[in-house]
Amino acid sequence: MKILLAGGAGFIGSHTAVELLEAGHDVVVVDNYCNSSPRSLERVREITGKDMAVYEADVRDKEAVKNIFDREAVDCVIHFAGLKAVGESVEKPVEYYRNNIDTTLTLLECMKEAGVKRIVFSSSATVYGEENESPYVETMPRGSCSNPYGWTKAMMEQILTDTAHADPDMSVILLRYFNPIGAHESGKIGEDPQGIPNNLMPFVSQTAVGRRDKLTIFGGDYDTPDGTCLRDYIHVMDLANGHLKAVEYAADHKGVEIFNLGTGKPYSVLDIVNTFEKANGVPVPYVIGARRAGDLPSVYADASKAERILGWKTKRDLRDMCVDSWNWQKNNPNGFRDQDQS
Ligand code: NAD
Ligand code: UFG
């Protein structure tokens with residue numbers, strides 16, 4: 001199949017490109033690099049020894065996206081293109097709604113004109129909201145989100161669902177990711193946030209490599225076994241494999257299907273710090289600070305539906321996630337920027 005990855009140069013998109021190319025699929029990437037580097041795609045070529053078509057464009061630019069659909073016989077779209085920083089979305093809600101909703105609408109319009117009927121969408125566990133309790137199951141109704149980023153995901157799920165209802169030949173697969181961390185085993189690609197990381201693992205690995213003095217753990221007084229929040233961390237290569245399974249499932253599917261992509265196993269912030277230090281033999285200095293607004297004490301998946309229907313199961317454990325995150329960080333202390341400047 002020929003698969004268009006919108007936002008394919010980013011963290012999850014680049015790892016998914018490796019997985020799809022290695023499974024023998026053709027890959028087309030469109031990205032405007034607003035939160036990524038074209039270097040990630042060069043590394044994907046190095047890892048796989050395979051080529052892919054790459055277009056630099058804003059996915060909101062209908063002319064540009066239409067031209068890509070005219071040139072490439074796309075079978076399926078995976079829509080990763082979005083802004084994703086929760087805190088920033090509170091400060092810049094209009095930018096988040098404009099970017100995330102518009103990319104989705106433009107892709108759907110161009111897909112309709114080109115007769116492309118399959119789309120896999122990067123959604124998030126955040127759509128379960130605080131009304132539901134972990135483990136989250138796909139049959140639960142969406143809850144209310146604590147920030148504009150989360151609302152964009154909920155709205156895009158609704159837009160995609162309505163679109164599938166209007167066209168019985170469409171297949172829409174909503175993938176609700178839990179907490180993706182880790183990196184490709186080669187250490188050539190990984191998560192490369194710009195500025196101060198918002199997410200836990202890049203902060204941990206940047207602290208270990210000396211770019212940050214210390215990690216602040218947001219809250220040590222939650223009602224959890226060690227007082228820190230519980231999350232469902234998933235290795236990004238397991239997540240990438242979930243996309244491969246979803247694309248292959250979509251080939252013979254019509255309608256809307258939702259899948260949680262998580263391991264189903266909750267770990268605390270302290271579990272992450274301790275496992276990272278032990279597995280890699282490096283210290284991660286930390287202090288326990290105040291709670292972060294909007295954080296839920298416990299977020300983890302019931303991952304049984306993806307196993308039952310897609311035949312997908314995670315293979316990598318927390319130690320693998322910590323080892324691979326560190327391998328990427330220590331080989332690329334400044335992410336892709338070292339190469340960008342050379
Ligand atoms: P990322 O920022 O690394 O990747 C997103 C990519 O989309 C980037 O390469 C960026 O340049 C591109 N992009 C954004 N807006 C664009 C536009 N208008 N036109 C063209 N390209 C555009 O993020 P990621 O971690 O790889 O996440 C991928 C998707 O998964 C996002 O939609 C994100 O919201 C979602 N998601 C991520 C997480 C996570 O923890 N990483 C969790 C749940 C959901
Ligand atoms: N944390 C810290 N210190 C930090 C960063 C994070 O203690 O410097 C803690 C958080 O309080 C939380 C855990 O580490 O308990 C994980 O935090 P992340 O920011 O890495 O991830 P979140 O669970 O907050 O958010 C992630 C994605 C969102 C998605 C959400 C859905 O980043 O895109 O999961 O649950 F919406």
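Residues numbered from 1 in each chain as written. Chains lettered and ligands numbered in written order. Predicted model: local features only at pLDDT ≥ 70, side-chain atom pairs only at ≥ 80, totals over all residues. Heavy atoms only, no water.

Draft legend 1. Just the site of ligand 1, in detail. As a matter of local geometry, ligand 1 sits amid 28 residues, with Ile12, Asp31, Asn35, Ser36 and Lys84 nearest to it. Measuring from a nitrogen atom of ligand 1, one finds a side-chain N or O atom of Asp58 at 2.9 Å. Within the contact set of ligand 1, a nitrogen atom lies 2.9 Å away from a backbone nitrogen or oxygen of Val59. Its free accessible area being 820 Å², ligand 1 has 96% of it covered by the protein chains. (Near = heavy atom within 4 Å. Polar contact = N/O pair within 3.5 Å; in protein donor to acceptor, adjacent residues only side chain to side chain. Areas by Shrake-Rupley, 256 points an atom, 1.4 Å probe, with all protein chains shown as cover.)

Draft legend 2. Highlighting the pairing of strand β4 (residues 76-79). The alternating pattern of β4 places Cys76 and Ile78 and Val77 and His79 on opposite faces, both of which are buried. Strand direction decides the pairing type here: strand β1 (residues 2-6) and β4, joined by four bridges, are parallel. When the sheet's bridge partners are listed, Ala6 is paired in β4 with His79. Pairing geometry for β4 and strand β5 (residues 118-124), over three bridges, is parallel. Among the inter-strand pairings, Ile78 is bridged to a residue of β5, identified as Val120. (Buried < 20%, exposed > 50% of the residue type's maximum accessible area, 1.4 Å probe, protein only. Helix = DSSP H or I, 4+ residues; strand = E, 2+ residues; numbered from the N terminus. Pairing = 2+ DSSP bridges.)

Draft legend 3. Structural context of the site of ligand 2. Close to ligand 2 lie 17 residues, the nearest being Asn199, Leu200, Thr216, Arg231 and Asp295. In this structure, a nitrogen atom belonging to ligand 2 sits 2.8 Å away from a main-chain N or O atom of Thr216. Between ligand 2 and Arg231, the relevant distance is 2.7 Å, taken from an oxygen atom to a side-chain nitrogen or oxygen of the residue. For ligand 2, whose unbound accessible area comes to 690 Å², protein coverage reaches 89%. For the shell around ligand 2, the element with the highest residue contribution is strand β8 (residues 215-218), accounting for four residues. Classifying every residue of the shell around ligand 2 by side-chain character gives eight nonpolar, six polar and three charged. (Nonpolar A, V, L, I, M, F, W, Y, C, P; charged D, E, K, R; others polar.)

Draft legend 4. View of the sheet that holds strand β9 (residues 230-231). Here three strands make up an open sheet; going across it, the order is β12-β9-β14 and the pairing mixed. If you trace the sheet from one side to the other, it starts and ends with β12 (267-268) and β14 (298-299), each paired once. Pairing analysis gives two bridges linking β9 to β14, with the strands arranged parallel. Within β14, the residue paired with Leu230 across the bridge is Ser298.

Draft legend 5. Highlighting the sheet that holds β4. Strand order in the open sheet made by the seven strands is β3-β2-β1-β4-β5-β6-β11, with parallel pairing throughout. Where the open sheet ends on each side, the last strands, each with one partner, are β3 (53-56) and β11 (255-261). Taking the axes of each pair of neighbouring strands and ignoring which way they run, one obtains an average angle of 20 degrees across the sheet. Relative to β3, strand β2 (residues 26-31) runs parallel, the two being bridged by four bridges. Residue pairing for β3: Val30 is matched across the bridge by Tyr55. (Axes fitted to C-alpha atoms, helices over the stretch in contact; angles between N-to-C directions.)

Draft legend 6. Looking closely at the packing of aromatic side chains. Inspection of the entire model under this criterion finds five aromatic pairs. Ring geometry for Tyr128 against Tyr136: centres 4.5 Å apart, planes inclined by 20 degrees, an arrangement best described as stacked. Here Tyr128 matches Tyr136 in class, with each residue buried. An aromatic cluster is present here, built from Tyr128, Tyr136 and Phe178 joined pairwise through their rings. Across from the ring centre of Tyr222, 4.0 Å away, lies the NZ or CZ of Arg291, which sits over that ring. (Phe/Tyr/Trp six-rings, centres within 6.5 Å; stacked < 30°, edge-to-face > 60°. Lys NZ or Arg CZ within 6 Å of the ring centre and 35° of its normal.)

Draft legend 7. Expanded view of the pattern of salt bridges. Counted according to the given criterion, the structure contains 22 salt bridges. Between Lys84 and Glu191 there is a salt bridge, and its shortest N-O distance comes to 3.7 Å. Residue Lys84 is located in the loop between β4 and α4 (86-91), and its partner Glu191 is located in the loop between β7 (179-181) and α7 (200-208); the two are separated by 107 residues in the primary sequence. Looking at Lys84, the relative accessible area reads 40%, which means it is partly exposed. The salt bridge partner of Arg316 is Asp238, with a shortest N-O separation of 2.6 Å. Here the residue Arg316 occupies a position in the loop between α10 (304-310) and α11 (318-331), and Asp238 occupies one in helix α8 (residues 236-250), the gap between them amounting to 78 residues. With relative accessibility at 22%, the residue Arg316 sits in the partly exposed group. (Salt bridge = Lys/Arg side-chain N within 4 Å of Asp/Glu carboxyl O.)

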